[in-house]
Structure formats: structure tokens, C-alpha cells
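Examination of the molecular architecture
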Amino acid sequence: MTTDRIFRGLFVLYLLAFVAYLFAPLVIMGLAAFNESRFPTVIPWQGTTLDWFSAMWADAAMWRSLWTSAIVAVLVVLVALPVGTAAALVLTTLHARARSFAYAVMVSPLLTPGVVIGISTLILWRQVGVGGGIALIVVAQTTFIICYVMLMVMARLQRFDRTQEEAALGLGASKLMVFRRVLLPFLRPALLASGGLAVLQSVENYNTTLFVRGFETPLTVFIATKVRTGLTPAVNALALVIIAATVIGAVAYELARRRQVTRQPRS
């Protein structure tokens, strides 16, 4: 009995330490947005203020960088989802030996440093006259973000019952109709999750984006530049707004999902 209590207490301590390790930086970052100090810090606390939210709102360069990152993220999702899904479908239809080789080739961008991807993408496309910019950022980012989509869709496909396709084909449905009416609804959770992951990977990417951005300034590059030239808590205010919007969106989605589940008739 005493041993069980010790292990339970150690587990609680580990869980608290793990949660603190995850969320303490976010809490400190958020509190710094309310400190009057011109540098993002909470020690010493120089007074509570909302001026940094006003500074964030008035910073046109910051909003341009956020808009650039949003455009890139949308384009990355539009490219990565269909290509990654197609790659997953191809891999699941190959024989074991061919699948292993193709899988290793398709996953290799995940093992390649982002700096290498950025430099190689820039060198390759400059040979054909394409300079840095939003288009090249999308190309460079989708090189490895496609892999995440492919892996998540493949994990979902492993639970798919192929007899459903055979039954639909046997009833006269075309392959396109089977894909649209049977396979695509089944893959919807994986596609939504991989789309969200693609957005996050695109917005937070720095190493690859830095080399192919040209004259564009995505949010991560903007923040890195601010770190060198003089970072203010206005960036913390923007981060706090983004975190709040993300949490609200996640809660709203979960509530909508639970409401939909409760409305479904029980078998």
C-alpha cells in the first residue's frame, strides 16, 4: 500500500513538472506583454500596461509579415494535402519491397536539415530564372510538409476496409465516385489534422524560409530580425492573441464535435 502511494505521488510530481515544463514559457511570454518594460521580461515587474497591444496594432510591418505567413500557409496546404494524399494512396498499393524503397525516398526530406532544403531549393530554381519570394517559399516548405500529410493519411488508411471499395465498384460506382463517396469521407479526420499540422509547420518554419524568401518577410523572419535589432513586448502581445485565438478555435471545434455526436441516433 505504501509503495503504491509512493509511485502515485511520484507520478503526480512528474505530471506537474511536465505540465510546468510545457506551459511555463507560454505563461511568462504572455505576462511579458503586460509589463511596462521595453524588453520582453517579467523580472523586474515595472508595472501593468496594455500599451504593447496598442503598439502591436499600430505595427504595420508586423501585420504585413503575419499576412505573408498566412498566404504561404494557405498555399502550402493547397499543395501539400492533395500531393501527400496521393503519395499515401500510391504507397499503400505497392508491394512490400517497392513500398519500403519508395517510403524511404518520400520520407527523406524530413531527415534533411531545413538549411539544406532552403539552399538547394534556391540554387535549383535560380537556374531556371525563379528568384526568392512567396512561390519559392511554398515550394521549399511543401518539400517536407508533404511528408507529414503522407504519414498521417497512411496511418488512417491502415484502418480502412478495402471491401467497401470492392462493394461500391460491384454496385456500379466508378472509381472517382468511390474515392469521393467512400474513401474521402473516411480520410476526412486525417486530412483536417494534417491540414492543421501543415499550417503550423509552415508558419513556424524559419531555417528553410530564410533562404528562399527573397524580399518577402514572413512572421518568423520578422521576429528573428526584431531579436537582432530590438525586440519589444509587442511581439509577445501578438503571440498572446494568436494563442488565445487558437484555444478558442479548438474549444469551439470540440464543442461542435460533441454536439454532433450527441445528435447522431444511437444504433
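Remember, predicted model here, so these are calculated numbers, not experimental data.

Some points on helix α4 (residues 96-111)
Here α4 contains 16 residues, and its C-alpha end-to-end distance of 22 Å stays within 8% of the 22 Å for a straight helix at 1.5 Å per residue. Along its length, α4 shows its largest kink, about 30°, at V105, and proline P109 lies within four residues downstream of that point. Listed in full, the buried residues belonging to α4 are A102, V107 and P109. Packing partners of the buried residues in α4 comprise α3 (60-93), α5 (114-126) and α6 (134-157).

A look at the packing of α4 against α6
Packing of α4 against α6 leaves a shortest axis separation of 7 Å and a crossing angle of 125°. By the angle class used here, α4 and α6 are oblique. Between α4 and α6 the crossing geometry is left-handed. Here α4 contributes Y103, M106, V107, P109 and L110 to the contact with α6, which in turn contributes T143, F144, C147, Y148, M150, L151 and M154.

Remarks on the UniProt feature "domain: ABC transmembrane type-1" (unreviewed entry) in the protein chain
In the numbering used here, UniProt assigns the feature "domain: ABC transmembrane type-1" (unreviewed entry) to residues 66-253. Structurally, residues 66-253 comprises 83% helix and 0% strand, and the distance from its first C-alpha atom to its last is 23 Å.

Thoughts on the pattern of salt bridges
Any two side chains of opposite charge can pair if their charged atoms end up close together. Under the criterion given, the structure shown has two salt bridges. Between R257 and E254 there is a salt bridge, and its shortest N-O distance comes to 2.6 Å. On the criterion of helical spacing, the pair formed by R257 and E254 is a turn pair, its members being three residues apart in helix α11 (residues 234-263). Among the residues examined, R257 registers a relative accessible area of 36% and is labelled partly exposed. Ionic pairing is found between E254 and R258, a salt bridge with its closest N-O pair at 3.0 Å. With E254 and R258 both in helix α11, this residue pair falls four residues apart, about one helical turn. On the accessibility criterion, E254 (26% relative accessible area) is partly exposed.

Focus on the side chain of S37
With respect to the helices, strands and loops of the structure, S37 is situated in the loop between α1 (2-32) and α2 (51-58). Judged by relative accessible area, which is 6%, S37 ranks as buried. Side-chain polar atoms of S37 contact the backbone oxygen of F39, separated by 3.1 Å. Residues in contact with S37, not counting those within four places in the same chain, are Q46, W52 and P233.

Some thoughts on α1
Taking 1.5 Å of rise per residue, 31 residues should cover 45 Å, and α1 covers 43 Å from first to last C-alpha, within 8% of that figure. Maximal helix bending in α1 amounts to about 40°, located at F23; proline P25 follows within four positions. Looking only at α1, the buried set comprises M29, G30 and A32. Tucked into the core, α1 has its buried residues touching α11.

Looking at the packing of α3 against helix α8 (residues 175-204)
The contact between α3 and α8 brings their axes to 9 Å, and the two run at 140°. Relative to α8, α3 is oriented oblique. Crossing handedness for the pair α3 and α8: right-handed. Together, S69, V72, A73, V76, V77, L81, T85 and L89 of α3 and F179, L183, L187, L191, S194, G195, A198, V199, S202 and V203 of α8 make up the contact between the two elements. Residue composition of the contact of α3 with α8, by class: 13 nonpolar, five polar and no charged.

Parameters at a glance
Residues numbered from 1 in each chain as written. Predicted model: local features only at pLDDT ≥ 70, side-chain atom pairs only at ≥ 80, totals over all residues. Heavy atoms only, no water. Helix = DSSP H or I, 4+ residues; strand = E, 2+ residues; numbered from the N terminus. Expected span 1.5 Å × (residues − 1). Bend = angle between axes of the 7 residues up to and from the residue. Buried < 20%, exposed > 50% of the residue type's maximum accessible area, 1.4 Å probe, protein only. Contact = heavy atoms within 4.5 Å. Axes fitted to C-alpha atoms, helices over the stretch in contact; angles between N-to-C directions. Parallel < 35°, antiparallel > 145°, perpendicular 65-115°, else oblique. Left-handed = near helix turned anticlockwise from the far one by under 90°. UniProt positions renumbered as here; feature names shortened; annotations may be inferred. Salt bridge = Lys/Arg side-chain N within 4 Å of Asp/Glu carboxyl O. Polar contact = N/O pair within 3.5 Å; in protein donor to acceptor, adjacent residues only side chain to side chain. Nonpolar A, V, L, I, M, F, W, Y, C, P; charged D, E, K, R; others polar.

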